[in-house]
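Residue strings, one per chain:
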Amino acid sequence: MKTILIWLSIALVALSLPACIMEEKTLDIVFTGETSANFSENEDDATDDPETAVIDVADEIRDILEDNDVALSDIKDAFVSSVSYGVSAFDQSHDWTISGTISVRRVDPPTSSLTPIADYASVSVQGAVGQKIGVPLLPAGVAIINQALDDFLAGANPVLEFQILNDSIAPSPSGVDPMVFDWRAWLAIQLITTETVDVPDPF
């Protein structure tokens, strides 16, 4: 009986306290969207030809917003956060080791020249099958993408071209032993929106 009376006393004290004061707060909400580009390699000599792919930034960002049920008008900032690569198809009797550069350029006005955004070195093609390998970002290439994102938020429709160029291949491919594989580069983009919520004010 004593225990019941104690709990009743605690409940009465709680009911006598003033209602919790709520305060309106505006919070930044960060979410990440991702787009990718596919490249096909078919090299039969030591002189590597660059492989290119075009990404319509406006269409890709709209898809990301739709997937996350977010309105474009709610986005306050957008920027590239990472670049990754991996081999999507490879079926040869021996491996290849490659090194090179992933570059980017703006192909809509204002256009820009090809600028490195990431380097890869001593990559095993066979070892990269099914992988998603992150690489350090190079500031000059990042600046081109971030400017394209800023322009998109301002109403433009930027288009980017990505290029992959191997500067070394071992062993050297030939007509009887060409290097053939498909690979993919992923571009992760962080988008920032705001949301107003009511939170308890402790003071």
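Whatever comes next refers back to the structure up there.
Keep in mind that this is a model prediction, so the values were computed, not measured. Think of each chain on its own: its residues are numbered from 1, step by step along the sequence as written. Per-residue local features are limited, in this predicted model, to residues with pLDDT of at least 70; the limit for side-chain atom pairs, both in listing and counting, is 80 or more; totals at the level of whole chains, interfaces and linings are taken over all residues. Side-chain descriptors were evaluated using all non-hydrogen atoms of the structure, hydrogens and water having been removed beforehand.

Engineer: Would you explain the packing of aromatic side chains in this entry?
Structural biologist: Centre-to-centre distance and the angle between the planes together describe a pair of aromatic rings. Two rings from Phe, Tyr or Trp (for Trp, the six-membered ring) form a pair when their centres are within 6.5 Å of each other. A pair whose planes differ by under 30 degrees is stacked, one over 60 is edge-to-face, and the rest are tilted. A full pass over the atoms with the stated rule returns 4 aromatic pairs. Each ring, one from Y120 and one from W183, has its centre 5.4 Å from the other, and the planes form 90°; the classification is edge-to-face. One end of the pair, Y120, is in strand β5 (residues 115–124); the other, W183, is in strand β8 (residues 179–200), with 63 residues separating them in the sequence. Each member of the pair, Y120 as well as W183, carries the same accessibility label: buried. Numbering of helices and strands starts at the N terminus; helices are DSSP runs of H or I of at least 4 residues and strands are runs of E of at least 2. Accessibility here uses a 1.4 Å probe with only protein chains present; expressed as a share of the type maximum, an area under 20% marks a residue as buried, one over 50% as exposed, and anything in between as partly exposed.

Engineer: Just checking my understanding: could you explain the pattern of salt bridges for this structure?
Structural biologist: Two side chains carrying opposite charge are able to pair once their charged atoms lie near each other. For salt bridges, the criterion is a side-chain nitrogen of Lys or Arg within 4 Å of an Asp or Glu carboxyl oxygen. Enumeration according to the criterion identifies 6 salt bridges in this entry. Across the pair K76 and D28 runs a salt bridge, and its minimum N-O distance is 3.3 Å. Taken together, the positions of K76 in strand β3 (residues 75–90) and D28 in strand β1 (residues 22–43) put the pair 48 residues apart, joining distant regions of the chain. When the shortest N-O distance is used, the salt bridge between R105 and E161 registers 2.7 Å. Of this pair, R105 sits in strand β4 (residues 97–106) while E161 sits in strand β7 (residues 159–170), placing them 56 residues apart in sequence. Under the relative-accessibility criterion, R105 is labelled partly exposed at 26%. Three or more residues joined by partner-sharing salt bridges are found here, namely R106, D108 and D151.

Engineer: Any chance you could explain unusual backbone geometry here in plain terms?
Structural biologist: A negative phi angle is the norm for most residues apart from glycine, just as the trans form is the norm for most peptide bonds. Residue P109 is joined to P110 through a cis peptide bond whose omega torsion reads 0°. Structurally, the position occupied by P110 is in the loop between β4 and β5. Across the junction of A170 and P171, the peptide omega takes the value -5°, indicating a cis bond. In this structure, P171 sits in the loop between β7 and β8. A positive phi is found at D69, a non-glycine position, where the angle reads about 55°. With respect to the element layout, D69 can be found in the loop between α2 (57–67) and β3. For D69, a relative accessible area of 73% gives the class exposed. Look at S122: it is not a glycine, yet its phi comes out positive at around 50°. Within the fold, S122 resides in strand β5.

Engineer: Just to check I follow, could you spell out the sheet that holds β5 for this structure?
Structural biologist: Within a sheet, adjacent strands bond to each other through the backbone by hydrogen bonds, running parallel or antiparallel. Criterion used throughout: strands pair if DSSP finds at least two bridges between them. With antiparallel pairing, 4 strands are arranged side by side in an open sheet as β2-β7-β4-β5. Each end of this open sheet is capped by a strand with a single partner; those strands are β2 (51–56) and β5. Looking at each pair of strands side by side, their axes are set apart by 20° on average, direction ignored. Pairing analysis gives 7 bridges linking β4 to β5, with the strands arranged antiparallel. From the neighbouring strand, V104 faces β5, where its bridge partner is T115. Residues count as neighbours in contact if any of their non-hydrogen atoms are within 4.5 Å of one another. Here the axes come from fitting lines to C-alpha atoms, over the contacting stretch only for helices, and the angles between their N-to-C directions go from 0 to 180 degrees. Taken strand by strand, α2 contacts β2 and β7, and its axis lies near 60° from that of β2. The strands touched by helix α3 (residues 139–153) within the sheet are β4, β5 and β7, with β5 carrying the most contacts at an inclination of about 130°.

Everything listed is a geometric property; what it means functionally is a separate question.
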